[in-house]
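# Notes for the structure review
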Amino acid sequence: MTTSVTPPSLAGSAASAGLVLADTVARLRRAMRRAARAADPDCRLTVAQLEVLSCLAAASGARPSQLARHLRLSPNSVTTLVNALYARGLVSRSRTADDARAFALSLTADGQSALARWRRTNAILVHTALTGLEEHHQRVLAEAIPALDVLTQAIDTLAEAPPHIEEADDDSTVAAGR
């Protein structure tokens, strides 16, 4: 099912552009997940498990509670994810020096390989899709990467200080201050 969305004009409201961009990003993520599953059906990891692996790649030695805060998941959910990854030999646990009850997590060689395979699959999918686009669209997307990176950082910052969200009359959501 292909849905075409007309992008808002630059003169349009930021809220309107935000709705369209959020919808486009959500559809892109779903399309990437579907294509990745089709391209690599042997990958039996869930998106949540892959997110944990990604976090550990960036912050080796993190405790489960730190992962839960970063991912905005309940500690029980992270424990379940970590236990499944540990059982598959993708993460290792080691006791921390400052608290014998706590443990630090890190990727095993198999965990690093699984994460690299997922990233490589996604890179191949994006590359393949891009090469099928018109040159103009390829150029526009390439030029948008720095802005998308800044937007990603800005949205990530909102996880620490989220805005208050209210329902609007037209079923769209708008921020009503911080």
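Let us look at the structure shown here. (Residues numbered from 1 in each chain as written. Predicted model: local features only at pLDDT ≥ 70, side-chain atom pairs only at ≥ 80, totals over all residues. Heavy atoms only, no water.)

So, on to the environment of Glu-160. Considering the arrangement of structural elements, one finds Glu-160 in the loop between helix H6 (135-158) and strand E3 (165-167). Along the backbone, Glu-160 and His-70 are 90 residues apart, and their C-alpha atoms lie at a distance of 9.2 Å. (Helix = DSSP H or I, 4+ residues; strand = E, 2+ residues; numbered from the N terminus.)

Core analysis: the largest hydrophobic core is formed by 20 residues, its most contacted members being Leu-45, Leu-53, Leu-56 and Leu-67. Of all elements in the fold, only helix H2 (47-58), helix H3 (64-71), helix H4 (75-87), strand E2 (103-107) and helix H5 (109-131) reach the threshold of two or more residues within this core. With five residues, H2 is the single largest residue contributor to this core. Sequence-distant contacts of Leu-67, defined by excluding residues within four places in its chain, comprise Val-52, Cys-55, Leu-56, Ala-62, Val-78, Val-82 and Leu-105. (Core = buried A, V, L, I, M, F, W, Y, C linked by side-chain atoms within 4.5 Å. Buried < 20%, exposed > 50% of the residue type's maximum accessible area, 1.4 Å probe, protein only. Contact = heavy atoms within 4.5 Å.)

Looking now at the pattern of salt bridges. Across all of its chains, the model carries six salt bridges by this definition. A salt bridge links Asp-23 to Arg-27, with the shortest nitrogen-to-oxygen separation between them at 3.0 Å. With Asp-23 and Arg-27 both in helix H1 (residues 14-39) and four residues apart, the pair spans about one turn of that helix. On the basis of relative accessible area, Asp-23 is assigned to the partly exposed category, the value being 35%. Using a relative accessible area of 24% as the deciding quantity, one classes Arg-27 as partly exposed. (Salt bridge = Lys/Arg side-chain N within 4 Å of Asp/Glu carboxyl O.)

One non-glycine residue, Arg-72, lies in the positive phi region at around 60°. The topology assignment puts Arg-72 in the loop between H3 and H4. We classify Arg-72 as exposed; its relative accessible area is 51%.

Another aspect to go through is the side chain of Thr-121. Positionally, Thr-121 belongs in helix H5. Ignoring anything within four residues of it in the chain, the contact list for Thr-121 reads Ala-36, Ala-39 and Asp-40.

Relative to each other, H2 and H3 sit at 110°, their axes nearing to 11 Å. By the criterion of interaxial angle, the relationship of H2 to H3 is roughly perpendicular. Like other packed secondary-structure pairs, H2 and H3 cross with a definite hand, here right-handed. Residues Glu-51, Val-52, Cys-55 and Leu-56 of H2 form the contact with H3, whose participating residues are Leu-67, His-70 and Leu-71. (Axes fitted to C-alpha atoms, helices over the stretch in contact; angles between N-to-C directions. Parallel < 35°, antiparallel > 145°, perpendicular 65-115°, else oblique. Left-handed = near helix turned anticlockwise from the far one by under 90°.)

Once that is clear, we can look at H4. Taking 1.5 Å of rise per residue, the 13 residues of H4 would be expected to cover 18 Å, and the 18 Å separating its terminal C-alpha atoms lies within 8% of that figure. All of the buried residues in H4 are Val-78, Leu-81, Val-82 and Leu-85. Angularly, the buried residues of H4 cover 95° about the axis, an arc narrow enough to put them on a single face. Pointing more than 90 degrees away from the buried face of H4 are the exposed residues Asn-76, Thr-80 and Ala-87. Positioned one or two residues after H4, Gly-89 has a phi angle of 75°, which is positive. (Expected span 1.5 Å × (residues − 1). Arc of directions from axis to C-beta.)

The next point concerns the side chain of Thr-96. Within the secondary structure layout, Thr-96 lies in the loop between strand E1 (91-95) and E2. On the basis of relative accessibility, which here comes to 14%, the residue Thr-96 falls in the buried class. Here the side chain of Thr-96 touches Arg-63 through a polar contact of 3.4 Å, side chain to side chain. Beyond its immediate stretch of four places on either side in the chain, Thr-96 contacts Arg-63, Ala-102, Phe-103 and Ala-104. (Polar contact = N/O pair within 3.5 Å; in protein donor to acceptor, adjacent residues only side chain to side chain.)

Before going further, it helps to examine the packing of aromatic side chains. Applying the stated criterion across every chain yields a total of zero aromatic pairs. It is Arg-93 that lies over the ring of Tyr-86; its NZ or CZ is 4.0 Å from the centre. (Phe/Tyr/Trp six-rings, centres within 6.5 Å; stacked < 30°, edge-to-face > 60°. Lys NZ or Arg CZ within 6 Å of the ring centre and 35° of its normal.)

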